[in-house]
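Residues per chain, in single letters:
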Amino acid sequence: MKPVIGITANYMFDGSAEFAEGIGAAEQEWQKLADDYITSVQRAGGIPIILPVLRNDSDWEITLRLADCVDGVLFSGGSDVDPLHFGQASTGKTGNVIPERDEQELFLFHHLLEHTKKPLLGICRGIQLFNVALGGTLIQHIPDKGLSPHTLPMYPRQHPSHWVNVENDSLLKEIVRSERLGVNSFHHMAVERCAPGLRAAAWSEDGILEAVELNNPSDRFFLAVQWHPEMMTEADTTQQNIITAFVQSCV
């Protein structure tokens, strides 16, 4: 039987772009997910299910029911994690913050990690959420640290824009079977202080932490990466292997 993979949704307050295309109404809220997540999970043999953002925390029981119905959860990219969740005030460089999404995903992450053995994969925002949930901090805006930008939209999404060095004796190394990996880059926040309980699995050449794993993973799949492997899967089998390893661990 194919594993069912829950994928967290983005929440958009402004529906003007959709309205301009003749869909819905102006200023209508939308729950959205890039098709790359869906197709990469399908390609790996999984059945993708989108997990919606619920705006009322009294409905989190529904979140738990949804979590019970899936075999693993992929925490997708999207809006910035609110700096208040890691003990900082915003520097003013933070992008859109969706409080409901932050609260729900932090709640869901802790439930899955502490009360289940279900596999977890974090992508882009996902690595940041995992790190914050476990007590780490984030760089709010990478250029403010004197580093080159890591938001590089001038590259096609499936094309690598920089390299990461993969740590030996890591789950990521087992999956990609390489010490060096070309990745894309669409983020301006990043892991700063790695949370207790997590360890680095890959670094960019300019020193940005690009992947984390559990220190003591036991018998569960747990991996988070800063880049977007799902965007690269059609052109790069190594990136598809990351999604496939996750999906197969959910069987």
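To keep things clear, this report deals only with the structure shown in the data block. On a predicted model such as this, the values are computed, not experimentally measured, just so you know.

Let's shift gears to unusual backbone geometry. Phi angles above zero are rare outside glycine, and Glu 27 is one such case at about 65°. Tracing the sequence through the fold places Glu 27 in the loop between α1 (16–20) and β3 (30–32). The exposure class assigned to Glu 27 is exposed, which follows from its relative accessible area of 65%. For Asp 169, which is not glycine, the phi torsion reads 55° and is therefore positive. The class for Asp 169 is exposed, based on a relative accessible area of 68%.

Let us look at the environment of Trp 60. For Trp 60, the location among the structural elements is in helix α3 (residues 60–68). You can call Trp 60 buried: its relative accessible area is 17%. Sequence-wise, Trp 60 and Gln 104 are 44 residues apart; in three dimensions their C-alpha atoms are separated by 7.2 Å. The residues contacting Trp 60, other than those within four sequence positions of it, are Leu 54, Glu 103, Gln 104 and Phe 107.

Moving on, we come to the packing of aromatic side chains. Taken as a whole, this structure holds 8 aromatic pairs when the rule is applied. Between Phe 221 and Phe 246, the aromatic rings sit 5.8 Å apart at their centres with planes inclined by 50°, giving tilted as the arrangement. Taken as a pair, Phe 221 in the loop between β12 (209–214) and β13 (222–225) and Phe 246 in helix α8 (residues 237–249) lie far apart in primary sequence, 25 residues in all. For the pair shown, Phe 221 and Phe 246 are each scored as buried. Joined through ring pairs, the aromatic side chains of Phe 75, Phe 109, Phe 130 and Phe 222 make up one cluster. Its end group placed over the ring of Trp 163, Arg 180 keeps NZ or CZ at 4.1 Å from the ring centre.

The next subject is α8. With 13 residues, α8 extends 18 Å between its outermost C-alpha atoms, agreeing within 8% with the 18 Å of an ideal straight helix rising 1.5 Å per residue. Buried within α8 are the following residues: Gln 239, Gln 240, Ile 242, Ile 243, Thr 244, Phe 246 and Val 247. The N-cap of α8, judged by a side-chain oxygen 2.9 Å from the amide nitrogen of Thr 238 a few residues on, is Asp 236.

Structurally, Ser 161 is set in the loop between β7 (138–139) and β8 (162–166). Here Ser 185 takes part through its backbone nitrogen, which lies 3.5 Å from a polar atom of the side chain of Ser 161. Among all residues touching Ser 161, those that are not within four sequence positions of it are Leu 152, Tyr 155, Val 183, Asn 184 and Ser 185.

Moving on: the pattern of salt bridges. The full count for this structure, using the stated rule, is 10 salt bridges. Residue Lys 173 pairs with Glu 179 through a salt bridge whose shortest N-O separation is 4.0 Å. In this structure, a network of salt bridges that share partners links the residues Arg 101, Asp 102, Glu 105 and Arg 125.

Spanning 17 residues, helix α4 (residues 99–115) covers 24 Å between terminal C-alpha atoms, matching the ideal 24 Å at 1.5 Å per step. Taken together, the buried positions of α4 are Arg 101, Asp 102, Gln 104, Glu 105, Leu 106, Leu 108, Phe 109, His 111, Leu 112 and Leu 113.

Quick look at the packing of helix α2 (residues 35–43) against α8 now. The description of two packed helices rests on the angle between their axes and on the distance between the axes. Direction vectors running N to C along α2 and α8 enclose 65°, while the axes themselves pass 8 Å from each other. If you check the angle between α2 and α8, you find them roughly perpendicular. Regarding α2 and α8, the two cross each other, and that crossing is right-handed. Seen from α2, the contacting residues are Ser 40, Val 41 and Arg 43; seen from α8, they are Gln 240, Ile 243 and Val 247. Classifying every residue of the contact of α2 with α8 by side-chain character gives 3 nonpolar, 2 polar and 1 charged.

Relative orientation of the contacting elements α4 and helix α5 (residues 125–133) amounts to 70°, with a least axis distance of 10 Å. The angle between α4 and α5 places the two elements in the roughly perpendicular class. You can see that α4 and α5 cross each other, and the crossing is right-handed. Residues Arg 101, Asp 102, Glu 105, Leu 106, Phe 109 and His 110 of α4 form the contact with α5, whose own contacting residues are Arg 125, Leu 129, Phe 130 and Ala 133. Tallied by class, residues from the contact of α4 with α5 come to 5 nonpolar, 1 polar and 4 charged.

Scoring rules and cut-offs
Residue indices begin from 1 for each chain and proceed along its sequence in written order. For this predicted model, a pLDDT threshold of at least 70 governs which residues receive local features, and a threshold of 80 or more governs which side-chain atom pairs are given and counted, while totals over whole chains, interfaces and linings are taken from all residues. Each side-chain value is worked out from all heavy atoms of the structure, with water and hydrogens disregarded. Helical segments are the DSSP runs of H or I of at least four residues, strand segments are the runs of E of at least two, and each set is numbered from the N terminus. Under the scheme applied here, a residue whose accessible area is under 20% of the maximum for its type counts as buried, over 50% as exposed, and between as partly exposed, the area being computed with a 1.4 Å probe on protein chains only. Contact between two residues is taken to exist if any of their heavy atoms lie within 4.5 Å; hydrogens are not considered. Each Phe, Tyr or Trp ring (for Trp, its six-membered ring) is paired with any other whose centre lies within 6.5 Å, and the angle between the two planes then decides the class: stacked below 30 degrees, edge-to-face above 60, tilted in between. Two conditions define a charge sitting above a ring: the NZ of Lys or the CZ of Arg must be within 6 Å of the ring centre, and it must be within 35 degrees of the ring normal. Multiplying 1.5 Å by the helix residue count minus one yields the expected span of that helix. Pairs of N or O atoms within 3.5 Å make up the polar contacts considered here, provided that, within protein, one atom can donate a hydrogen while the other can accept it, and that residues adjacent in sequence are counted only when both atoms are side-chain atoms. The rule for a salt bridge is simple: a side-chain nitrogen of Lys or Arg has to be within 4 Å of a carboxyl oxygen of Asp or Glu. Axis definition: a line fitted to C-alpha atoms, limited for helices to the stretch in contact. Angles are taken between N-to-C directions and run from 0 to 180 degrees. Between 65 and 115 degrees an angle is taken as roughly perpendicular, under 35 as roughly parallel, over 145 as roughly antiparallel, and anywhere else as oblique. Each crossing is labelled by how the near helix is turned from the far one, with a counterclockwise turn of less than a right angle marking it left-handed and a clockwise turn marking it right-handed. When residue character is reported, Ala, Val, Leu, Ile, Met, Phe, Trp, Tyr, Cys and Pro are called nonpolar, Asp, Glu, Lys and Arg charged, and the others, Gly included, polar.

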